Amino acid sequence: MNTEEYLCEQWPLLRERLQGKRLLGEDGGSLSLRIPGAQAMWFGTAIDEAPRRISWQDLKPSNGALLSHVEIYVARRDVSAITIGGGVYGRSLADFGGVLPQVFDEQARHLGRMGPAVNVARDISRSLSEGGNVVLVHGLPVCLGMTATRMALNAELFEKCAKAYVLAVASGATVKSLPWIVPYVANGRLRKDTQRATQRLQQGLLPEETKGY
């Protein structure tokens with residue numbers, strides 16, 4: 001089995017995992033896996049049982065969610081997997097500024113700095129330019145990962161952090177960001193991970209899973 005076939009088989013398992021945790025949203029949910037060495041991806045919506053192989057050159061401006069996935073893959077050469085949809089609390093973040101500040105250690109390490117929410121696909125690359133792995137697009141959480149597994153973990157982590165943040169802010173509590181040194185170190189490690197992932201994908205290989213903190 002080659003890499004492309006492997007990813008095709010992984011897609012339904014990943015969709016089932018995200019659906020089981022209600023992280024693909026009620027409407028507009030989608031999931032894709034980049035095919036290394038090709039300008040293509042396995043793509044499907046939350047209700048699809050199997051993905052479609054989509055070539056980026058074949059897309060038209062009216063292709064909505066597909067364009068968002070492609071914009072991210074073009075802008076972020078380290079990303080291998082994307083999900084759009086999110087959970088209840090991730091979507092609720094749109095009512096509280098649309099940005100989750102770095103308030104948790106694990107969040108800073110794996111999600112990085114969250115860019116501003118956007119409403120058009122062409123603005124996604126700018127919002128992700130600082131290396132963050134999550135952004136709100138049209139009010140829906142978009143979670144990225146250097147691997148399929150990391151993307152699923154990031155989606156779960158984001159929903160958990162968003163829940164704590166939204167509930168705290170909604171109750172009137174003051175939420176403090178981490179001391180500057182923590183994001184500085186954590187984001188630095190994340191950048192090193194993205195560099196290694198980019199190198200692997202440029203070689204037509206799947207990135208390796210991150211190890212430890």
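One can find the structure itself at the top, above this paragraph.
Residues numbered from 1 in each chain as written. Predicted model: local features only at pLDDT ≥ 70, side-chain atom pairs only at ≥ 80, totals over all residues. Heavy atoms only, no water.

A.B. asks: Lay out the side chain of Arg15 with the relevant residues and their values.
C.D. replies: By the secondary structure assignment, Arg15 is in helix H1 (residues 3-20). Despite its burial, Arg15 remains without a salt bridge, the nearest opposite charge being carried by Glu16 at 6.4 Å. (Helix = DSSP H or I, 4+ residues; strand = E, 2+ residues; numbered from the N terminus. Buried < 20%, exposed > 50% of the residue type's maximum accessible area, 1.4 Å probe, protein only. Lys, Arg positive; Asp, Glu negative; His and termini not counted. Salt bridge = Lys/Arg side-chain N within 4 Å of Asp/Glu carboxyl O.)

A.B. asks: I'd love a proper account of the nonpolar core, names of residues and values included.
C.D. replies: Ranked by size, the top nonpolar core spans 29 residues in total, and within it Leu18, Leu93, Leu100, Met114 and Phe158 carry the most contacts. Among the elements of the structure, H1, strand E1 (30-34), strand E2 (40-45), strand E5 (134-137) and helix H6 (148-170) are those that each provide at least two residues to this core. Top element by residues in this core is H6. It accounts for 9 residues. With residues up to four places along the chain from it excluded, the contact list for Leu93 reads Gly98, Val99, Leu100, Met114, Leu136, Phe158, Tyr165 and Val166. (Core = buried A, V, L, I, M, F, W, Y, C linked by side-chain atoms within 4.5 Å. Contact = heavy atoms within 4.5 Å.)

A.B. asks: Help me get a handle on the pairing of E2, residues and values and all.
C.D. replies: Judged by how many residues are buried, E2 sits mostly within the fold: 5 of 6 residues are covered. Strand direction decides the pairing type here: E1 and E2, joined by 5 bridges, are antiparallel. In the strand pairing of E2, Ser32 is matched with Phe43. Between E1 and E2, which follow one another and run antiparallel, lie 5 residues, and Gly37 among them has a positive phi close to 80 degrees. Sheet analysis places E2 next to strand E3 (residues 52-55), joined by 4 bridges and oriented antiparallel. Residue pairing across strands places Trp42 opposite Arg53, the latter belonging to E3. (Pairing = 2+ DSSP bridges.)

A.B. asks: Which residues make up the pairing of strand E4 (residues 81-84), and what values do they have?
C.D. replies: Within a regular strand, side chains alternate between the sheet's two faces. Side-chain alternation along E4 places Ala81 and Thr83 on one buried face and Ile82 and Ile84 on a second face that is also buried. Here E1 runs beside E4; their pairing, made up of 4 bridges, is antiparallel. Along E4, the bridge assignment pairs Ser32 with Ile82. Pairing of E4 with strand E6 (residues 140-145) involves 4 bridges; the strand directions are antiparallel. Residue Ala81 lies in a different strand from E6, and its bridge partner there is Gly145.

Treat this as a map of the structure, not an account of what it does.
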